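# Secondary and tertiary structure notes
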Amino acid sequence: MNPKRCAACKYLRRRCPKDCIFSPYFPPNDPQKFAWIHRIYGAGNVSKMLQQLPDQTRAEAAESLCFEAKCRVDDPVYGCVGIIHFLQTQIQQTQNQLAKTQAEIAVAQTKLSQTHNSDFM
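Residues numbered from 1 in each chain as written. Predicted model: local features only at pLDDT ≥ 70, side-chain atom pairs only at ≥ 80, totals over all residues. Heavy atoms only, no water.

### A closer look at the UniProt feature "domain: LOB" (unreviewed entry) in the protein chain
Mapped onto the present numbering, the UniProt feature "domain: LOB" (unreviewed entry) falls on residues 4–105. Helix makes up 71% of residues 4–105 and strand 0%. Its end C-alpha atoms lie 62 Å apart. (UniProt positions renumbered as here; feature names shortened; annotations may be inferred. Helix = DSSP H or I, 4+ residues; strand = E, 2+ residues; numbered from the N terminus.)

### Considering the side chain of Lys33
In this fold, Lys33 is placed in helix α2 (residues 31–40). For Lys33, a relative accessible area of 12% puts it in the buried group. Beyond its immediate sequence surroundings of up to four residues, Lys33 is in contact with Tyr25, Phe26, Glu63 and Cys66. (Buried < 20%, exposed > 50% of the residue type's maximum accessible area, 1.4 Å probe, protein only. Contact = heavy atoms within 4.5 Å.)

### Observations regarding the packing of aromatic side chains
According to the stated counting rule, one finds 4 aromatic pairs in the structure shown. On the basis of an interplanar angle of 65 degrees and a centroid distance of 5.2 Å, the ring pair of Phe22 and Phe34 is categorised as edge-to-face. Taken as a pair, Phe22 in the loop between α1 (7–12) and α2 and Phe34 in helix α2 lie far apart in primary sequence, 12 residues in all. Residue Phe22 shares its accessibility class with Phe34, and that shared class is buried. Ring-pair connections join several aromatic residues into one group, and the members of that group are Tyr11, Phe22, Phe26 and Phe34. For Lys70, the ring lying beneath its charged end belongs to Trp36, and the centroid distance is 5.3 Å. (Phe/Tyr/Trp six-rings, centres within 6.5 Å; stacked < 30°, edge-to-face > 60°. Lys NZ or Arg CZ within 6 Å of the ring centre and 35° of its normal.)

### Description of the UniProt feature "coiled-coil region" (unreviewed entry) in the protein chain
According to UniProt, the feature "coiled-coil region" (unreviewed entry) maps to residues 84–111 in the numbering used here. Along residues 84–111 one finds 100% helix and 0% strand; the C-alpha atoms at either end are 41 Å apart.

### Here's the deal with the nonpolar core
Formed by 21 residues in total, the largest nonpolar core has its most connected members in Cys6, Phe22, Phe26, Phe34, Ile37, Val46 and Leu50. Elements with a minimum of two residues in this core: α1, α2, α3 (43–52) and α4 (55–74). When residues in this core are grouped by element, the largest group, 6 residues, is from α4. When neighbours within four sequence positions are excluded, Phe26 is seen to be in contact with Cys6, Ala7, Ala8, Lys33, Phe34, Ile37 and Ala62. (Core = buried A, V, L, I, M, F, W, Y, C linked by side-chain atoms within 4.5 Å.)

### Describing the packing of α3 against α4
α4 packs onto α3 with a crossing angle of 150 degrees between their chain directions and a minimal axis gap of 9 Å. Here α3 lies roughly antiparallel to α4, going by the angle between them. For α3 against α4, the interelement crossing comes out right-handed. In this structure, α3 contributes Val46, Met49, Leu50 and Gln51 to the contact, and α4 contributes Arg58, Ala61, Ala62 and Leu65. By residue class, the composition of the contact of α3 with α4 is 6 nonpolar, 1 polar and 1 charged. (Axes fitted to C-alpha atoms, helices over the stretch in contact; angles between N-to-C directions. Parallel < 35°, antiparallel > 145°, perpendicular 65-115°, else oblique. Left-handed = near helix turned anticlockwise from the far one by under 90°. Nonpolar A, V, L, I, M, F, W, Y, C, P; charged D, E, K, R; others polar.)

### Focus on the state of the cysteines
All told, the structure shown has 0 disulfides when counted by the stated rule. Cys9 provides the cysteine sulfur closest to Cys6, a residue in no disulfide bond, and the two sulfurs are 3.6 Å apart. When its relative accessible area of 2% is taken as the criterion, Cys6 is described as buried. The thiol of Cys80 is not disulfide-bonded; the next cysteine sulfur, from Cys71, is found 5.4 Å away. Residue class for Cys80 comes out partly exposed when judged on its relative accessible area of 22%. (Disulfide = S-S within 2.5 Å.)

Quick look at the structure:
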């Protein structure tokens, strides 16, 4: 057993070649990342996806696949769409609260200016 094997090769119980497509993106100290990806997409599909991408975008793609796979494992029905929906709901609630607070401030300012004007008359 080679302690330098990437998480993917450890998970798949194979030797890690020097040109392993997975090794730059799945270090041996975080095996769970590859486990999620393998469970959702399969090692062969991920390997094909990464090989089709330019080198400079592979790391970002691997992170995105990992995030989406973890979301799908955590929530098999909605996956990351559930998180997006939750965040959109929070944004809408916050915007509503902001509009309500701004309206209250406008009413308070109007009342304040009316009391100042009536004090001077």
